[in-house]
Amino acid sequence: MRLKLSQDYRRVFDAKCKLVTAFFVVYMASNQLEVARLGVIASKRCIRLATKRNQVRRLCREHFRVCSQQLRGYDWVIIARSVLANQNKLEQHRQLKKLLYLIEVKWLNQ
RNA sequence: UAAGCUGACUAGGCAGUCGCUGUGAUGUGUUUAUCAUAGAGGAAAGUCCGGGCUCCAUAGGAUGCAGUGCCAGAUAACGUCUGGGCGGUUAAAGCUGACGGAAAGUGCCACAGAAAAUAUACCGCCUAUGCACAUAGUAUAGGUAAGGGUGAAAUGGUGUGGUAAGAGCGCACCGCACUUGUGGCAACAUAGGUGGCAUGGCAAACCCCACUGGGAGCAAGACCAAAUAGAGGCUGAUGUUUCUUUUAAACAACCUGUGAUCCGCAGGCAGCCGGGUAGGUCGCUUGAGGUGUAUGGAGACAUACAUCCCAGAUGAAUGACUGUCCAUGACAGAACCCGGCUUAUCGGUCAGCUUACCAA
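As the structure is a prediction and not an experimental result, all values here were calculated from the model.

Student: Before we move on, could you go through the side chain of Arg53 and cite the residues and values that matter?
Tutor: Along the polypeptide, Arg53 turns up in helix H2 (residues 50–66). This buried residue, Arg53, is left without a salt bridge; Glu62 holds the nearest opposite charge, at 20 Å. Those residues within four positions of Arg53 in sequence are excluded, and the remaining contacts are Ala42, Ser43, Lys44, Ile47 and Arg48.

See below:
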């Protein structure tokens, strides 16, 4: 599901549960729901061309959809950093997989 | 067949699985399931023009400012498009144009050159007179602008007559100006006559002439709900008259709006600082709409009839994976909507035209 409301975003940021890599910044906060909700931020300042911005957003959403069973019960916000735009598609895929693995190790196993 | 030019179209296809957004239907009953269906571009981009739409209680006049600038037409409108004229360019098809005015005025024209615009005379050419035996030379006075040299540009060009040497001084042709006729809606073209050369270039220098332009933009704007708050600070709220006074009214001034200035018009509290918010619904997609046929037109386009409904998000929907085929997929993502222009772009298809070669 998509994270839509402004107040939800603020709640996630205020939870201060974050993970930083070279390509992404991920915030997490628990919600009292049965599903996982995701918001992707790809700002115009980081990724200039609209096509690339859309591409990154879709990739993120797709990867989280695949893993949505493990991630349920939490709200997630992914911020894409400007380095990501210069990578090709294959590299972006690899980085996303790596990110998901890191998330699993850090939070879900606890 | 090859090379080139012009115009139009297209922008990986097919099958399967999972998912996203809108709409409709059904169920459940209050926000979710299931099914069906639709879902980015030729430039969606740059925001460079024009228009619709909305608001600013009006848009009226003068000046200014900005834009446009051969002619005719198309259009809602345009700086766009079509056709034509003229200039430039190409072997041709074609391409291309800041294409009104320099005898209204002001200004500028580096270097070189005598002289860059009131003209003038450096080297020259020629005549007369003096010096000199004389040619030559030199000095003075005068006549010239043919030749040389400079420059991006030199005061009509070429030829011929003419002359002391020369000169539109005369003549022929070309150019130019004026004028008359013819063709054309017009730009303009063309034929005749007259003049005897006047008007160097730059208007992408100011300027003049003609025409056009009120401003701001969908975060426009309308409604609903909540919250601060009809809160705080600062600035200006004047004078005269009427009235016993307050209030109120009139006139002048002042302030605000009419985003350049003045007049005019409207209003009487207005402006600034600082703080907070921007949640929902509408606007929001049926439109100068698309497609087809017919008619009119040289064309841009117009008219009539038939038919179709074709994105509408808002922390922002089009994706991922698998198989397969080929040429191995460029530039690139709607955000109120249209008409253009400009820029980016791997390719592919079709039509017309030109030239060259070959064959008949």
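Next, the rest of the story.
Student: Help me get a handle on the environment of Leu19, residues and values and all.
Tutor: In this structure, Leu19 sits in strand S1 (residues 18–20). Along the backbone, Leu19 and Ile78 are 59 residues apart, and their C-alpha atoms lie at a distance of 9.7 Å.

Student: Run through the pairing of strand S2 (residues 24–30), naming residues and quoting values.
Tutor: Across the 7 residues that make up S2, a large majority, 6, are buried. Of the strand pairs in this sheet, S1 and S2 are connected by 3 bridges, and their pairing is antiparallel. Each bridged residue has a counterpart across the sheet, and for Val20 the counterpart in S2 is Val25. With antiparallel pairing between neighbouring strands as the criterion, S1 and S2 make up a hairpin whose turn holds 3 residues. Direction of pairing for S2 relative to strand S4 (residues 74–80): antiparallel, over a ladder of 7 bridges. Bridged to Tyr27 within S4 is Val77.

Student: Residue-level account of the nonpolar core, with values.
Tutor: Note on soluble globular proteins: their nonpolar side chains tend to be buried together. The biggest cluster of nonpolar side chains holds 24 residues, and the ones touching the most others in it are Phe24, Cys60, Phe64, Leu71, Trp76, Leu99 and Ile103. Put simply, the parts of the chain that give this core at least two residues each are S2, strand S3 (37–41), H2, S4 and helix H3 (89–108). When residues no more than four places from it in sequence are discounted, the contact partners of Leu99 are Leu19, Thr21, Phe24 and Val26. Counting residues in each nonpolar core, the second largest holds 6 residues, with Tyr9, Val12, Val25 and Tyr27 among its members.

Each value, and the rule that gives it
Residues numbered from 1 in each chain as written. Chains lettered and ligands numbered in written order. Predicted model: local features only at pLDDT ≥ 70, side-chain atom pairs only at ≥ 80, totals over all residues. Heavy atoms only, no water. Helix = DSSP H or I, 4+ residues; strand = E, 2+ residues; numbered from the N terminus. Buried < 20%, exposed > 50% of the residue type's maximum accessible area, 1.4 Å probe, protein only. Lys, Arg positive; Asp, Glu negative; His and termini not counted. Salt bridge = Lys/Arg side-chain N within 4 Å of Asp/Glu carboxyl O. Contact = heavy atoms within 4.5 Å. Pairing = 2+ DSSP bridges. Core = buried A, V, L, I, M, F, W, Y, C linked by side-chain atoms within 4.5 Å.

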